[in-house]
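Results of the structural survey
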Amino acid sequence: MRDDFLIFGSPALEEDDIAEVVATLRSGWIGTGPRVARFEEMFREYVGARHAIAVNSCTAALHLSMVVSGVGPGDEVITTPMTFCATANAVLHTGAVPVFVDVDPVTGCIDPDRIASAVTERTKAILPVHYAGRPCEMDRIQALARRHSLLVIEDAAHAIEAAYHGRKIGTIGQLTCFSFYVTKNVVTAEGGMVTTDDAEMAAKIKMYALHGMSKDAWRRFSDEGYKHYEVTFPGFKYNMTDIQAALGIHQLARVDRNWKRRDEIWAQYDEGLAALPLERPAPSAPGTVHARHLYTVLIDTKATGKSRDRVLNELIRLNIGTGVHYTALHLHPYYRERFGFAEGAFPHAERIGDRTLSLPLSSKLTNDDVKDVIKALHRVCGA
Ligand SMILES: *Cc1c(COP(=O)(O)O)cnc(C)c1O
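These numbers were taken from a predicted model, which means no experiment stands behind them.

Definitions and cut-offs
What you see as residue numbers is a count from 1 along each chain, following the sequence as written. Only residues with pLDDT of 70 or above have their local features reported here, since the model is predicted, and side-chain atom pairs are shown and tallied only from 80 upward, although totals for entire chains, interfaces and linings are computed over all residues. Side-chain figures throughout are based on the complete set of non-hydrogen atoms in the structure, without hydrogens or water. Only strands that DSSP links by at least two bridges are regarded as paired with each other. A run of DSSP states H or I qualifies as a helix once it reaches four residues; a run of E qualifies as a strand once it reaches two. Both are numbered from the N-terminal end. Each axis is a line fitted through C-alpha atoms, taken for helices only over the stretch in contact, and angles between the N-to-C directions span 0 to 180 degrees. In this analysis, two residues are considered to be in contact whenever any of their non-hydrogen atoms come within 4.5 Å of each other. Definition used for salt bridges: Asp or Glu carboxyl oxygen within 4 Å of a side-chain nitrogen of Lys or Arg. Relative accessibility thresholds used throughout: buried, under 20% of the residue-type maximum; exposed, over 50%; partly exposed, between the two (1.4 Å probe, protein chains only). Buried residues of nine kinds, namely Ala, Val, Leu, Ile, Met, Phe, Trp, Tyr and Cys, make up a nonpolar core once their side-chain atoms join them within 4.5 Å. Think of it this way: one heavy atom of a residue within 4 Å of a molecule or strand is enough to make that residue near it. Polar contacts, as counted here, are pairs of nitrogen or oxygen atoms within 3.5 Å of one another; within protein the pair requires one atom able to donate a hydrogen and one able to accept it, and residues that are adjacent in sequence qualify only if both atoms are side-chain atoms. Only the protein chains shown count as cover for residues, with accessible areas throughout obtained via the Shrake-Rupley method and a probe of 1.4 Å. Each direction from the helix axis to a C-beta atom contributes to the arc, which is the arc of those directions.

1. Considering the sheet that holds strand β8 (residues 175-179)
In spatial order, the strands read β1-β9-β8-β5-β4-β2-β3; together these seven strands make up an open sheet with mixed pairing. The outermost strands of the open sheet, each flanked by one partner alone, are β1 (51-55) and β3 (97-100). Geometrically, the sheet is characterised by an average inter-axis angle of 25 degrees between neighbouring strands, direction not taken into account. Note that β1 and strand β9 (residues 192-196) share five bridges and pair antiparallel. Note that in β9 the partner of Ile-53 across the bridge is Val-194. The sheet strands contacting helix α2 (residues 34-47) are β1, β8 and β9, and the helix crosses β1 at an angle near 135 degrees. Taken strand by strand, helix α7 (residues 199-208) contacts β1, β5 (151-155), β8 and β9, and its axis lies near 15 degrees from that of β1.

Next comes the structure, spelled out in structure tokens:
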């Protein structure tokens, strides 16, 4: 057994991250400023979208995307129950209602076959989640959206590096939301980004993220002369700071190197776990790039005689930290009580939610760390 606890989702911070944060502090400009602008420009180029707007979380990105799409009371947004609560909470924050449809049992992504029958005259948008970093079937989702005149707003919190049929995630739907939370593939402690090709939506997001104040309000204390601002909308306090962007700038420069390392770890897990009674992630669909955010296994509770939680706790005793992504969202108390959901509503999401376990996949892991995880799983789940 390893001596120290292997933390799930520990960020791979390096010296240039630290130096940039220190330089930001020494510059005296720690709020929204030049480093945020640089990070936005880098992200825009990386994804290949026309606009990228940095905010202080993916939750904020999702909420703003809903607001600028005109989603509000009386509207419905079709999404997946196999996600983090922020996805559907962002819909609720506007007064609209999330309408769940079940996921594909193998990929954990929203099942396009089920979207069409969930569309009503109140439906305003489809909100797919690229679960674990695997791109959803965007051709089919886009076709459905066109047929029913719906917007596509993507939750790409797991999917910075993902691509679908030659296009990066972030260039397909009207709006795409990314996360830089501590466990994500690019880390700014807290942070998010919206990408879009729509100039009008981009300008609104920028403004609404900072109280709805007129353009470039952050410059008003700069040496270019005092600028008065005007409030044009009761906006939010969702702006990213230069301290956060300082981390993002260097993390984004390393994003493909880190992806490659996680891809190597992925292959080591695939090989090392092949003999165990658990379902490993399905291979990537042809023509897609998986962002390698979460390596999720489904525990075979019959063959092992152990529940997922028992496996998880036995792994902790062997000093291996894991995660659960996710308990199906509709089974959380708020959603049960408000919408009357019970077990059986979305069986594929529930089956995943009951059995899934996410293994450590930080690019920081050594090959020995990976071997420790594999060995521990053999001890806990093996014959
Ligand atoms: C992390 C996450 C979010 C929220 O991101 P924050 O940056 O923490 O607000 C939203 N959706 C999914 C699928 C996530 O994993």
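From this point, things continue past the structure.
2. Examining the pattern of salt bridges
According to the stated counting rule, one finds 24 salt bridges in the structure shown. Residues Arg-310 and Glu-314 are paired through a salt bridge, measuring 2.9 Å at the closest nitrogen-oxygen approach. Taken together, the residues Arg-310 and Glu-314, both in helix α11 (residues 308-317) and four residues apart, mark about one turn of the helix. One network of salt bridges, in which partners are shared, links Glu-14, Asp-16, Asp-17, Arg-254 and Arg-257.

3. A short note on the environment of Ala-275
Within the fold, Ala-275 resides in the loop between α9 (255-272) and β10 (278-279). The exposed category is assigned to Ala-275, whose relative accessible area is 71%. Sequence-wise, Ala-275 and His-378 are 103 residues apart; in three dimensions their C-alpha atoms are separated by 8.9 Å.

4. Examining the nonpolar core
In this structure, Phe-43 and Phe-180 are the most contacted members of the largest nonpolar core, which totals 59 residues. Of all the secondary structure elements, the ones that give two or more residues to this core are α2, β1, α4 (85-93), β3, α6 (138-147), α8 (242-253) and α13 (347-355). Phe-180 has contacts with Phe-39, Phe-43, Ile-160, Val-186, Val-187, Thr-188, Ala-189, Glu-190, Gly-191, Gly-192, Met-193 and Met-240, leaving out every residue within four places of it along the chain. Among the nonpolar cores identified, the runner-up in size contains 28 residues, and Cys-58, Met-66, Ala-125 and Leu-175 belong to it.

5. What to know about the site of the ligand
Taken together, 16 residues form the shell around the ligand, and within it Thr-59, Asp-155, His-158, Ser-179 and Lys-184 come nearest. Contact distances for the ligand include 2.7 Å between a nitrogen atom and a side-chain N or O atom of Asp-155. A distance of 2.7 Å is found between an oxygen atom of the ligand and a side-chain nitrogen or oxygen belonging to His-158. Bound to the protein, the ligand loses 94% of the 380 Å² it would expose on its own. Those elements that provide at least two residues to the shell around the ligand are α3 (58-68) and α4.

6. Side note on α11
Looking only at α11, the buried set comprises Arg-308, Val-311, Leu-312, Glu-314 and Leu-315. Buried residues of α11, viewed axially, fall in a sector of 165 degrees; they line one side. Summarising the contacts, the buried residues of α11 are in contact with β12 (295-299), α10 (301-304), α13, β13 (356-359) and α14 (367-381). A positive phi of about 70 degrees marks Asn-319, the residue just after α11.

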